[in-house]
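Summary of structural features
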Amino acid sequence: LLLLVIFIGDIACDRQLLKASQKKGGYDFSQVFSKVKDIFIQSDFVVGNFETVCGGSNNNYQEQYMTCNAPDELVQAMKDAGISMVTTANNHCLDKGIKGLRRTIKCLNKNEIEYVGTNLDSEHVIRIKMKTISDVRIAFLAYTYSTNESNTGIVLNENNDYFVNLLRKQGRVDNPELKGQFNIKKYFTGKLSSKQKRTLTRIIARTKLKLGIPYMKPRTDKIEYGDTNNNYIKLVKNDIVEAKKIADIVVACPHFGGQFNTVPGEYAEFLMNYLKLAGCDIVIGNHPHVVQKIKMDDKKMFAYSLGSFNQSISADYMVAESKPEYSIMIHCYINGKSKKIQKISFSILKIVEDKEGMITVWPVDKLYRELSTEEKKLLISDINEIYQRCTSNPLEKIDSEFSLYCEDENGKEII
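Below or above, wherever it landed, is the structure these notes cover. Because the structure is predicted, anything quoted here is derived from the model rather than measured.

**Focus on the pattern of salt bridges**
- Counted according to the given criterion, the structure contains 15 salt bridges.
- Across the pair Arg127 and Asp239 runs a salt bridge whose closest N-O atoms are separated by 2.9 Å. Of this pair, Arg127 sits in the loop between strand S6 (114-116) and strand S7 (129-133) while Asp239 is found in helix H9 (residues 231-246), placing the two residues 112 residues apart along the sequence.
- On the basis of relative accessible area, Asp239 is assigned to the buried category, the value being 8%.
- Through salt bridges with shared partners, a single network forms among Glu114, Lys129 and Lys131.

**A look at the sheet that holds strand S12 (residues 300-303)**
- Spatial ordering of the open sheet is given by S7-S8-S9-S10-S12-S11, a layout of six strands whose pairing is mixed. In the strand order of this sheet, the two ends are held by S7 and strand S11 (294-297), each with one partner. For this sheet the average axis-to-axis angle between neighbouring strands, irrespective of direction, equals 20°.
- As defined by bridge partners, strand S9 (residues 249-255) adjoins strand S10 (residues 282-284) across two bridges and the pair is classed as parallel. Looking across to S10, one finds that Ala252 is bridged to Val283.

**Observations regarding unusual backbone geometry**
- Of note, the phi angle at Glu112 is positive, near 55°, even though the residue is not glycine.
- The topology assignment puts Glu112 in the loop between helix H5 (97-110) and S6.
- Residue classification places Glu112 among the exposed residues on the basis of a relative accessible area of 61%.
- Its identity is not glycine, yet Asn148 carries a phi of approximately 55°, on the positive side.
- Looking at the secondary structure, you find Asn148 in the loop between strand S8 (136-144) and helix H6 (149-152).
- The class of Asn148 is buried, set by a relative accessible area of 14%.

**Details of the packing of aromatic side chains**
- Using the criterion set out here, one finds ten aromatic pairs in the structure.
- Their ring planes at 40° and their centres at 4.6 Å tell us that Tyr162 and Phe163 sit as a pair that is tilted.
- Taking the relative accessible area as the measure of exposure, Tyr162 reaches 24% and is therefore partly exposed.
- Measuring from ring centre to ring centre gives 5.8 Å for Phe270 and Tyr274, while their planes differ by 45°; the resulting arrangement is tilted. Within this pair, Phe270 and its partner Tyr274 are both found in helix H10 (residues 266-278), separated by four residues, close to a single helical turn. Per residue, the accessibility class of Phe270 equals that of Tyr274, and both read buried.
- Here the basic side chain of Lys129 rests over the ring of Tyr115, its NZ or CZ set 5.4 Å away from the ring centre.
- When the ring centre of Tyr368 is taken as reference, the NZ or CZ atom of Lys376 above it lies at 4.9 Å.

**Remarks on H5**
- With 14 residues, H5 should cover 20 Å at 1.5 Å per step; its first-to-last C-alpha distance of 20 Å lies within 8% of that length.
- Of the surrounding elements, those touching the buried residues of H5 are strand S4 (45-50), helix H4 (72-81), strand S5 (85-87) and S6.
- Positive backbone phi, approximately 55°, marks Glu112, located one or two places after H5.

About the criteria used
Residues numbered from 1 in each chain as written. Predicted model: local features only at pLDDT ≥ 70, side-chain atom pairs only at ≥ 80, totals over all residues. Heavy atoms only, no water. Salt bridge = Lys/Arg side-chain N within 4 Å of Asp/Glu carboxyl O. Helix = DSSP H or I, 4+ residues; strand = E, 2+ residues; numbered from the N terminus. Buried < 20%, exposed > 50% of the residue type's maximum accessible area, 1.4 Å probe, protein only. Pairing = 2+ DSSP bridges. Axes fitted to C-alpha atoms, helices over the stretch in contact; angles between N-to-C directions. Phe/Tyr/Trp six-rings, centres within 6.5 Å; stacked < 30°, edge-to-face > 60°. Lys NZ or Arg CZ within 6 Å of the ring centre and 35° of its normal. Expected span 1.5 Å × (residues − 1). Contact = heavy atoms within 4.5 Å.

Fair warning: the whole summary comes from geometry, so function is off the table for now.
Set out below in structure tokens:
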């Protein structure tokens, strides 16, 4: 018996998709999942990253630049498509404040979708989410490097940091070695409110776009003061140690990395190594919004970024050259008898957005069969780039799944 657990990237709701999904009396997001639903339904468990919140219509949907808020119908569509769990620890989890975070949890609970990474209150803190699937015990952990505190004005501290599983201290952390040095940018932005910062960001972005200058560009993730040695990251290690005592497989889902950067930066590399040494069996990274490399090490898998599952490609902050329309779907096959990972493979997905802004997420092998000869050539070129980014190897042929690791029932690796 092989148990199949699937992992997908960022589930989002940009303005373009929001408008295209609006129907009389509500919203309909079913089209987004229509080409992958059969794959999800046939698996045993599906995990994604919920890169938004459900703060309710009274908060307005996506009314502020770079802040997220999706209708509850998105969660309903996720449930109908077969998504079992989402990670909620990410930089947008406080976009509608603590109330929005709590409402998101309640919306997920109502639709019977599991979550990990955020907590309802101090009495319901879950740092290790245990799931037993066909007698296999899997521990899920989720953490985020940030909650966009400079955008929201909400800085979590030791009195309320139980709401989000963090990787580092929030707010400004000054390096004592740089004490006394004047930083003109920090000086002026430090005097602005979070609302004023968002307004300034929006003005700069729109001005650049009007001038034909892309607002966003690939960002590398550097190690900052305090990143490698703080109380939060020590808690992460403790979580993994405790999870290994009670679980057959430990899965960590960190939200980290440089946005639109196709090559992981030094912070991502540090954290991956940290999670590996702590004992994780699988690490699923997200945040860069583009696909990054996948490493196999001693039958363990480390995926730095799966990319965005369904973000609007026409959004003005996208960086086209990084190919954000592509993402990765991980297939993890677990032997129900030995309770060990027997096979890991991945599929490549593509976001296709029509002129109205509606999105359909396609497995590339399915999409290939629908295209003209010229369109097929372009798709193959793109797929080859994404495949090489993941594996460092050239693409041999388009397939529904590309193997990363496989062994027989006796534990012998199959090449």
